[in-house]
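So the chains spell out like this:
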Amino acid sequence: MMKKKGLMLSSVFATALVLAACGGDDTETTNEKPVEKEGTATEDTKNDGATTAEAPTLPEEVTNDGEVIQGGTLKFALVTDTPFSGVLLAELYENGYDADIMDFMTNSIFATDGDFLITDEGIAKLDVDADNNKVTVTIQHDVKWSDGTPLTADDVIYAYEIIGHPDYTGIRFDADFQNIIGATEYKSGKADSISGIKKIDDKTVEISMTKVSPAIYSGGDGLWGYAAPKHYLETTPVKDLISSPQVRKAPVTLGAFKLDKLIDGESVQFVANEHYWKGKPKLDKVVLQVVPPTSIGEALRTGQYDMASSYPTNQYDGVKDLENLTVLARPELAYSYIGFKLGKWDKAAGDAGLNITDENAKMNDAKLRQAVAYAMDIEQVGERFYQGLRSRATSLIPPAFASFHDNTLEGYNYDPEKAKALLEEAGYKDVDGDGIREDKNGEKFAIRLASMSGSDTDEAIVEYYRQNWKDVGLDVQLTTGRLIEFNSFYDKVKADDPEIDMFMAAWGTGTNPSPLGLYGEASAFNYSRFVTPELQTLLADIDSKEAIDAGYRADAFRKWEEYMFEQATTVPMYFRTEIIPVNKRVKQYNVNYANDSMDNLHLLEVTAEDPIK
């Protein structure tokens, strides 16, 4: 199943970039939870020389005792302070909350291993012909949709046809997708089909690409990891799909459960899918309900829910010793960051839009951006608010990608004196002696920061950072004067709202480490809108044919990371440890990436009729 959180990249296991954003327990924000997806800061949050808290050692699977009952209903909390959108089609959804809902009825056709590489264990297998820039996708089981209709090659192809259609308005027709031969011609209306995609037989699809790189094994290069039920969707025009009942109310899917009832933005009831290709689930139902981040701890403590889509890291102390819960943990495929607005997204440019950098943007000075980064006391925030479950991020590749994360990179440490020196060098000086720096022309200078609301500590953390910046002479004001609700935040960020100079967010990377989908010239997710020839060359090198050699690719990642450090257009803030409290009546649940139970929901069992209190 594809992992997400935040906006999903248009790769097999994107979730990313579910907005990408993430949203939720950090003030960064995403659908995970913002700092992208964590009550009141006091003076003791200043750096007093305290050592960084060590992350607790927690298990990855539940080993609960007890005899299981037949059937049963799992109670699941979707943790968010905003109603979910309810776009329940992989090709169309744009945030992690909808992805969490779709996890129970996913249309994913590929399985991956602990290194996030596609295996032959899923609905379909992948064969790669790198010499001829072709891949073959083969359905290898007699799989049926939840309405009993057989899955065929037509359904695999139809997912590509939705994304590539001239009337498609989603986010996944990007540079990666355009790697498929004929995709741009189909998108422009010059062709009636995508010429590079061919049906070989009812279970086999061949896809020709302009290039095949190592990213293909992680679901990159334009490979799409879902099927779409053509028999159910094709009578609805592509432009109308996003509002159709087939997507919003009664989707036909391939997952362990199928949608039974839905209350818009509030709750979903799933029932077991008797046609599930791995076997009918042991549970009868799953009931999912929206729960605010501020309430989830108490809801789990009192046995209202078995588990949650996410749990605020800053509330770990509230659940770690509860007898009715087992707290699991794993590194998140995510990082929190601060981004700087340097341009605009031009929808009319290129084949499907391009990022255009503005040389006159307020924040278009690398030394200014670097100073902002050096002024942030991230270590202290991680210790005080996150119990060691957040650590300063040193790069834009999370440690979970062990083959490509370079742990020798130091990133931006807390160094206010260096921040002051950089500002002086860049010409930002305190002309009138009030402690706040003017711009290079001696005029009043204020930076407008957008940050997402989520949990009860978000405001405290943002205010602490604002004080950090004030300490080096920077006046940072909140866009709209307050933290911004999740959906509104991303609406503003995506629209390049002129009231945003910099923003705190987070990316769920998905399982493809390639950064092209987040930082490419044609990527709508490149929210900083930073583009240079050097950056495009570095990104291309990561996904080049030469990079099929693992050593070459690791070196290419390092060069890109060093360049992004120097430019400081997207500054990583936190690497994140995800904690997952699970009620002790639940059995057969494992969060290890090599054996993630969200891929094996049909095995879940419970030992009591209701969650243990």
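Here the structure is a predicted model, which means the values were calculated and not measured.

Student: Quick question: what am I supposed to make of the overall build of the chain here?
Tutor: Per the secondary structure count, the chain includes 14 helices and 19 strands. In terms of C-alpha radius of gyration, the chain reaches 24 Å, essentially the compact-globule figure of 25 Å for 613 residues. Structurally, the chain occupies a C-alpha span of about 75 × 60 × 45 Å along its principal axes. With 613 residues in all, the chain has 61% of them scored as buried. Of the side-chain charges in the chain, 61 are positive and 102 negative, and the distance between the mean point of each set is 3 Å.

Student: Looking at this structure, I do not really get the sheet that holds strand E3 (residues 134-139). What am I missing?
Tutor: Picture the strands of a sheet paired through backbone hydrogen bonds; they go either parallel or antiparallel. Taken in spatial order, the 4 strands line up as E2-E3-E5-E4 in an open sheet, and their pairing is antiparallel. At either margin of the open sheet sits one strand with a lone partner, and together these are strand E2 (124-129) and strand E4 (197-201). Direction aside, the axes of adjacent strands within the sheet are offset by 20 degrees on average.

Student: What exactly am I supposed to notice about helix H11 (residues 486-494) here?
Tutor: Every α-helix winds through 3.6 residues per turn, so residues three or four apart in the chain are directed the same way. For H11, the complete set of buried residues consists of Phe-486, Phe-489, Tyr-490 and Val-493. For H11, the buried positions fall inside an angular range of 90 degrees around the axis, keeping them on one side. If you follow the buried residues of H11, they end up packed against helix H1 (96-102), strand E14 (446-450) and strand E16 (502-508). Between the side-chain oxygen of the N-cap and the backbone nitrogen of Asn-487 there are 3.0 Å, and the N-cap of H11 in question is Glu-485. A positive backbone phi angle near 55 degrees is found at Asp-496, which sits one or two residues after H11.

Student: Whenever I open this one, unusual backbone geometry confuses me. Can you help?
Tutor: Glycine aside, the phi torsion of most residues is negative, and most peptide linkages are trans. With a phi close to 55 degrees, Asp-496 is a non-glycine residue in the positive phi region. As for its placement among the helices and strands, Asp-496 is situated in the loop between H11 and E16. A positive phi is found at Ala-568, a non-glycine position, where the angle reads about 55 degrees. Summarising the element assignment, Ala-568 is placed in the loop between helix H14 (550-567) and strand E17 (570-583).

Student: Sorry, what's going on with the environment of Asn-487 here?
Tutor: With respect to the secondary-structure elements, Asn-487 resides in helix H11. Taking the relative accessible area as the measure of exposure, Asn-487 reaches 25% and is therefore partly exposed. The spacing of Asn-487 and Glu-410 is 77 residues in sequence and 33 Å in space, taken between C-alpha atoms. Those residues within four positions of Asn-487 in sequence are excluded, and the remaining contacts are Thr-82, Pro-83, Ser-85 and Asn-95. Separated by 3.4 Å, the side chains of Asn-487 and Thr-82 make a polar contact.

Student: Would you take a moment to explain the packing of helix H8 (residues 378-386) against helix H10 (residues 458-471) for this structure?
Tutor: Contact pair H8 / H10: the axes reach a minimum separation of 11 Å and the direction vectors enclose 160 degrees. Here H8 is positioned roughly antiparallel relative to H10, judged by the angle of their axes. Two packed elements cross with a definite hand, and for H8 against H10 that hand is right-handed. Of the residues in H10, those in contact with Ile-378, Gln-380, Val-381, Phe-385 and Tyr-386 of H8 are Ala-460, Ile-461, Tyr-464 and Tyr-465. By residue class, the composition of the contact of H8 with H10 is 8 nonpolar, 1 polar and no charged.

Student: What should I look at first to understand helix H9 (residues 416-426) in this one?
Tutor: Those residues of H9 not exposed but buried are Ala-419, Leu-422, Leu-423 and Ala-426. Looking down the long axis of H9, one finds its buried residues gathered within 100 degrees of arc, a one-sided arrangement. Within H9, the exposed residues directed more than 90 degrees away from the buried face are Glu-417 and Glu-425. At its buried positions, H9 is contacted by helix H7 (366-374).

Student: How should I be thinking about the packing of aromatic side chains in this particular structure?
Tutor: The geometry of two aromatic rings is summed up by the distance between their centres and the angle between their planes. Counted by the stated rule, this structure contains 27 aromatic pairs. Measuring from ring centre to ring centre gives 4.8 Å for Phe-489 and Tyr-490, while their planes differ by 85 degrees; the resulting arrangement is edge-to-face. The burial state of Phe-489 is the same as that of Tyr-490; both residues are buried. Linked through ring pairs, Tyr-97, Tyr-335, Tyr-337, Phe-486, Phe-489, Tyr-490, Phe-503, Trp-507, Phe-525 and Tyr-527 together constitute an aromatic cluster. We note Lys-187 situated over the ring of Phe-173; from NZ or CZ to the ring centre the distance is 5.3 Å. We note Arg-553 situated over the ring of Phe-404; from NZ or CZ to the ring centre the distance is 5.2 Å.

Student: It is not clear to me how the side chain of Thr-236 should be interpreted in this structure. Could you clarify?
Tutor: Locating Thr-236 in the fold gives a position in the loop between helix H4 (230-233) and helix H5 (245-248). Apart from residues no more than four positions distant in its own chain, Thr-236 is found in contact with Leu-241, Ser-244 and Gln-246.

Student: Help me out: how do you make sense of the pattern of salt bridges in this one?
Tutor: For side chains bearing opposite charge, pairing can occur when the charged atoms are close. Counted according to the given criterion, the structure contains 37 salt bridges. The residue Lys-367 makes a salt bridge to Glu-425 at a minimum N-O spacing of 3.2 Å. Here the residue Lys-367 occupies a position in helix H7, and Glu-425 occupies one in helix H9, the gap between them amounting to 58 residues. The partly exposed category is assigned to Lys-367, whose relative accessible area is 33%. Its relative accessible area of 52% is what places Glu-425 among the exposed residues. Among the salt bridges present, the one from Glu-424 reaches Arg-437, with a minimum N-O distance of 2.7 Å. Residue Glu-424 is found in helix H9, and its partner Arg-437 is found in the loop between H9 and E14; the two are separated by 13 residues along the sequence. Judged by its relative accessible area of 35%, Glu-424 falls in the partly exposed class. Taking relative accessible area as the criterion, Arg-437 reaches 8% and is therefore assigned buried.

Reading the values: rules and limits
Residues numbered from 1 in each chain as written. Predicted model: local features only at pLDDT ≥ 70, side-chain atom pairs only at ≥ 80, totals over all residues. Heavy atoms only, no water. Helix = DSSP H or I, 4+ residues; strand = E, 2+ residues; numbered from the N terminus. Rg over C-alpha atoms; globule rule 2.2 N^0.38 Å. Buried < 20%, exposed > 50% of the residue type's maximum accessible area, 1.4 Å probe, protein only. Lys, Arg positive; Asp, Glu negative; His and termini not counted. Charge placed at Lys NZ, Arg CZ, Asp CG, Glu CD. Pairing = 2+ DSSP bridges. Axes fitted to C-alpha atoms, helices over the stretch in contact; angles between N-to-C directions. Arc of directions from axis to C-beta. Contact = heavy atoms within 4.5 Å. Polar contact = N/O pair within 3.5 Å; in protein donor to acceptor, adjacent residues only side chain to side chain. Parallel < 35°, antiparallel > 145°, perpendicular 65-115°, else oblique. Left-handed = near helix turned anticlockwise from the far one by under 90°. Nonpolar A, V, L, I, M, F, W, Y, C, P; charged D, E, K, R; others polar. Phe/Tyr/Trp six-rings, centres within 6.5 Å; stacked < 30°, edge-to-face > 60°. Lys NZ or Arg CZ within 6 Å of the ring centre and 35° of its normal. Salt bridge = Lys/Arg side-chain N within 4 Å of Asp/Glu carboxyl O.

Distances and angles like these do not, on their own, reveal function.
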